[in-house]
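# Summary of the model geometry
Below, each chain spelled out in residue letters.
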Amino acid sequence: MQVTHQRDTRAWILQVWVSFGAAVFLCAVGLAYLPGKDLDRAFMVMGYLFCLTNVFVLAKHVRDNERNRLRGKAVDSPMFRYVVWGGFFLAMALTAWGMVRMEINDTYKAFLGVSWLYLISSAFTLAKTLRDRHEADLLEQRAERQSTQQTQ
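Computed from a predicted structure; not experimentally measured.

## A closer look at the overall build of the protein
Scanning the protein for helices and strands turns up four helices and zero strands. Radius of gyration (C-alpha) of the protein: 20 Å, far over the 15 Å computed for a compact globule of 152 residues. When its C-alpha atoms are laid out on the principal axes, the protein stretches across 70 × 40 × 20 Å. Taken over 152 residues, the protein has a buried fraction of 30%. Total accessible area on the protein is roughly 10300 Å²; 64% of this is exposed by carbon and sulfur atoms.

What follows is the structure, encoded as structure tokens:
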């Protein structure tokens, strides 16, 4: 008996990567041509990177805890949950605060804000797609080992 595991289509994977690449490109262009002070530009680059890394940490934390909860295993400590969620909200709030306080054209702020939110959204989608692929690979490896053991 062959067990199949649902996988994302190539079209979906391409769409996710193209979307993430477009978001990174738009953010990079917005930050590269950011008018104003170098300090503002450095702050925004750090804010975008802080948010981006926190997206991946939060996505992994939520997914791991849900999987462990369903299996009846221990989940992360409550304090770690506060650290992860707090870090994500702090990164988002500080980046938004920096964007609002910059003395640049409102249209440019809107471009930075939309490209930043697009980056965050596409990063969550990318994290989920990568994790789904990893879990499908693990399930297939486990099924292959079981199949090999049964035939021996």
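The rest of the description comes next.
## Quick look at the pattern of salt bridges
Going through the model one piece at a time under the given rule, you end up with 12 salt bridges. Note that Asp-132 is salt-bridged to Arg-63, the shortest N-O span being 2.3 Å. Here the residue Asp-132 occupies a position in helix α4 (residues 106-151), and Arg-63 occupies one in helix α2 (residues 38-71), the gap between them amounting to 69 residues. The class of Arg-63 is partly exposed, set by a relative accessible area of 22%.

## Notes on the nonpolar core
Counting 25 residues, the largest nonpolar core has Met-44, Tyr-48, Met-99, Met-102, Leu-112, Trp-116 and Leu-119 as its most contacted members. Every element with two or more residues in this core is listed here: α1 (10-32), α2, α3 (78-101) and α4.

## Quick notes on a nonpolar patch on the surface
Where nonpolar side chains cluster on the molecular surface, the patch consists of Phe-25, Leu-26, Val-29, Tyr-33, Phe-111 and Tyr-118 and spans about 570 Å² of accessible area. Going through the elements one at a time, α1 and α4 are the ones with two or more residues in the nonpolar patch. Among the elements that take part in the nonpolar patch, α1 stands out by supplying three residues, more than any other. Within the secondary structure, Val-29 is located in helix α1. What makes Val-29 partly exposed here is its relative accessible area of 31%.

## Description of the packing of α3 against α4
Here α3 crosses α4 at 165°, and the two axes come no closer than 10 Å. Taken together, α3 and α4 sit at an angle that is classed as roughly antiparallel. In this structure, α3 crosses over α4, and the sense of that crossing is right-handed. On α4, the residues that touch Phe-88, Met-92, Thr-95, Ala-96, Met-99 and Val-100 of α3 are Lys-109, Leu-112, Gly-113, Trp-116, Leu-117, Ile-120 and Phe-124. The class makeup of the residues in the contact of α3 with α4 is 10 nonpolar, two polar and one charged.

Thresholds, definitions, all that
- Residues numbered from 1 in each chain as written.
- Predicted model: local features only at pLDDT ≥ 70, side-chain atom pairs only at ≥ 80, totals over all residues.
- Heavy atoms only, no water.
- Helix = DSSP H or I, 4+ residues; strand = E, 2+ residues; numbered from the N terminus.
- Rg over C-alpha atoms; globule rule 2.2 N^0.38 Å.
- Buried < 20%, exposed > 50% of the residue type's maximum accessible area, 1.4 Å probe, protein only.
- Areas by Shrake-Rupley, 256 points an atom, 1.4 Å probe, with all protein chains shown as cover.
- Salt bridge = Lys/Arg side-chain N within 4 Å of Asp/Glu carboxyl O.
- Core = buried A, V, L, I, M, F, W, Y, C linked by side-chain atoms within 4.5 Å.
- Patch = residues over 30% accessible without salt bridge, like charges linked within 9 Å, V, L, I, M, F, W, Y side chains within 5 Å.
- Axes fitted to C-alpha atoms, helices over the stretch in contact; angles between N-to-C directions.
- Parallel < 35°, antiparallel > 145°, perpendicular 65-115°, else oblique.
- Left-handed = near helix turned anticlockwise from the far one by under 90°.
- Contact = heavy atoms within 4.5 Å.
- Nonpolar A, V, L, I, M, F, W, Y, C, P; charged D, E, K, R; others polar.

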